[in-house]
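# Architecture at a glance
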Amino acid sequence: MRIHALTHVPFEGPAGIADWAKARGHALTLTPVYAGKALPDSTGFDWLVVMGGPMGVQDDIEYPWLVAEKRLIGEAIAVGKTVVGVCLGAQLIAAALGARVYRNPEKEIGWFPIEFTDAGQASSIVGFLSPRIQVFHWHGDTFELPPGAVHLARSDVCEQQAFLCDGRVLGLQCHLESTPQSVADIVANCADEILPAAHVQSAERLLAADADDYALINGALFGMLDRLPVADESL
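Read on for a plain summary of the structure. Everything numeric in this text was worked out from a predicted model, so none of it was measured. (Residues numbered from 1 in each chain as written. Predicted model: local features only at pLDDT ≥ 70, side-chain atom pairs only at ≥ 80, totals over all residues. Heavy atoms only, no water.)

Our focus in this paragraph is the pattern of salt bridges. For the structure on display, the rule yields 11 salt bridges. Ionic pairing is found between Asp46 and Arg2, a salt bridge with its closest N-O pair at 3.1 Å. Here the residue Asp46 occupies a position in the loop between β2 (27–32) and β3 (47–50), and Arg2 occupies one in strand β1 (residues 2–7), the gap between them amounting to 44 residues. For Asp46, a relative accessible area of 15% translates into the label buried. Arg2 gets classed as partly exposed once you look at its relative accessible area, which sits at 36%. Through salt bridges with shared partners, a single network forms among Glu115, Arg132, Arg154, Asp156 and Glu159. (Salt bridge = Lys/Arg side-chain N within 4 Å of Asp/Glu carboxyl O. Helix = DSSP H or I, 4+ residues; strand = E, 2+ residues; numbered from the N terminus. Buried < 20%, exposed > 50% of the residue type's maximum accessible area, 1.4 Å probe, protein only.)

Moving on, we get to the nonpolar core. Core analysis: the largest hydrophobic core is formed by 73 residues, its most contacted members being Leu48, Trp138, Leu170, Leu176, Met224, Leu225 and Leu228. Sequence-distant contacts of Leu228, that is, excluding residues within four places in its chain, are made with Trp47, Thr82, Val84, Ile125, Leu164, Gly167, Arg168 and Leu170. (Core = buried A, V, L, I, M, F, W, Y, C linked by side-chain atoms within 4.5 Å. Contact = heavy atoms within 4.5 Å.)

This next bit is on helix α1 (residues 16–24). Here α1 has its buried residues at Gly16, Ile17, Trp20 and Ala21. Around the axis of α1, the buried residues are gathered within 145° of arc, so they sit on the same side. In α1, the exposed positions angled more than 90 degrees off the buried face are occupied by Lys22 and Ala23. In the stretch just after α1, Gly25 is the one whose phi turns positive, near 80°. (Arc of directions from axis to C-beta.)

In the structure shown here, the tally under the stated rule is six aromatic pairs. Between Phe143 and Phe163, the aromatic rings sit 5.5 Å apart at their centres with planes inclined by 80°, giving edge-to-face as the arrangement. On the criterion of sequence distance, the pair formed by Phe143 in strand β6 (residues 132–143) and Phe163 in strand β8 (residues 162–165) is long-range, its members being 20 residues apart. Neither Phe143 nor Phe163 differs from the other in exposure class; each is buried. Against the face of Tyr102 rests Arg100, its NZ or CZ located 3.9 Å from the ring centre. Against the face of Phe128 rests Arg227, its NZ or CZ located 3.9 Å from the ring centre. (Phe/Tyr/Trp six-rings, centres within 6.5 Å; stacked < 30°, edge-to-face > 60°. Lys NZ or Arg CZ within 6 Å of the ring centre and 35° of its normal.)

Moving on, we get to the packing of helix α2 (residues 65–78) against helix α3 (residues 88–96). Relative orientation of the contacting elements α2 and α3 amounts to 70°, with a least axis distance of 9 Å. By the angle between their directions, the pair α2 and α3 is classed as roughly perpendicular. Of the two elements, α2 crosses α3, and the hand of that crossing is right-handed. Residues Leu66, Glu69, Lys70, Ile73, Gly74 and Ile77 of α2 lie in contact with α3, whose contacting residues are Leu92, Ile93 and Ala96. Tallied by class, residues from the contact of α2 with α3 come to six nonpolar, one polar and two charged. (Axes fitted to C-alpha atoms, helices over the stretch in contact; angles between N-to-C directions. Parallel < 35°, antiparallel > 145°, perpendicular 65-115°, else oblique. Left-handed = near helix turned anticlockwise from the far one by under 90°. Nonpolar A, V, L, I, M, F, W, Y, C, P; charged D, E, K, R; others polar.)

A separate point is the sheet that holds β6. With respect to topology, nine strands assemble into an open sheet ordered β2-β1-β3-β4-β9-β8-β7-β5-β6, the strand pairing being mixed. Each end of this open sheet is capped by a strand with a single partner; those strands are β2 and β6. When strand polarity is set aside, the average angle formed by the axes of neighbouring strands in this sheet is 20°. Bridge analysis of β1 against β3 gives four bridges, and the strand direction is parallel. Residue pairing across strands places Ile3 opposite Trp47, the latter belonging to β3. Across the face of the sheet, α3 comes into contact with β3, β4 (82–86), β5 (101–116), β6, β8 and β9 (169–172) while running at roughly 130° to β4. (Pairing = 2+ DSSP bridges.)

Quick look at the environment of Leu152 now. Among the secondary structure elements, Leu152 is positioned in strand β7 (residues 150–155). When the C-alpha positions of Leu152 and Val83 are compared, they lie 16 Å apart, and in sequence the two are 69 residues distant.

Attention now goes to helix α7 (residues 211–226). For α7, built from 16 residues, the straight-helix expectation of 22 Å at 1.5 Å per residue is met to within 8% by its first-to-last C-alpha distance of 22 Å. Residues of α7 that are buried: Tyr214, Ile217, Asn218, Ala220, Leu221, Gly223, Met224 and Leu225. A distance of 3.0 Å separates the backbone nitrogen of Asp212 from a side-chain oxygen at the start of α7, and that oxygen is part of Asp210. (Expected span 1.5 Å × (residues − 1). Polar contact = N/O pair within 3.5 Å; in protein donor to acceptor, adjacent residues only side chain to side chain.)

The next point concerns unusual backbone geometry. Positive phi, close to 60°, is recorded for Cys87, a residue that is not glycine. Note on placement: Cys87 falls in the loop between β4 and α3. The exposure class of Cys87 is buried, given its relative accessible area of 5%. Backbone geometry at Asp166 places phi at a positive 55°, although glycine is not the residue there. With respect to the element layout, Asp166 can be found in the loop between β8 and β9.

Set out below in structure tokens:
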């Protein structure tokens with residue numbers, strides 16, 4: 001398949017999603033939208049992956065490229081593409097589907113558990129996982145569940161951690177794609193956000209995750225991506 005990823009800052013790349021694409025033999029291309037690069041046409045990819053970033057969905061004035069990006073996401077969904085969003089990417093997808101995006105009551109930065117909803121556990125997309133797993137988070141915003149979407153997962157302080165729409169549009173508020181390098185990169189570039197709070201861990205704790213922690217979240221990610229629809233050659 002042809003997978004295309006949109007990135008919003010140099011330090012939040014596809015990470016484990018790129019590892020999955022390579023392992024499965026899929027071509028992965030990238031547009032760093034923050035660098036002013038032209039966005040692809042929706043006919044130029046089979047899957048669209050939208051990564052995270054520190055900006056907000058409504059920050060069009062400061063980041064004018066968000067306008068065209070949101071248009072592309074909406075178009076990709078409308079024409080039947082498989083679309084995957086992580087953190088900001090999930091928020092952009094939610095907005096494209098008509099859901100409100102807003103500030104979460106608390107920032108959630110660190111290794112905290114998510115639990116899968118009854119609907120999630122009954123679904124093929126996450127039903128293969130344990131009902132509760134520890135994952136990596138780094139977000140201050142959240143969103144309402146898009147109309148018609150299946151609510152897959154929540155955490156103690158953020159109700160919307162994952163959703164699926166039409167069996168092919170997946171939003172992940174948490175970071176299942178994280179690797180030791182990607183976590184080190186975000187810690188180095190966003191250290192100003194690591195302030196004492198109930199659900200904000202220290203840099204030392206963020207970086208202390210071991211191989212088993214990453215194997216768990218990357219295994220969950222790989223399994224979820226494996227269960228999304230492959231390319232429809234008619235599109």
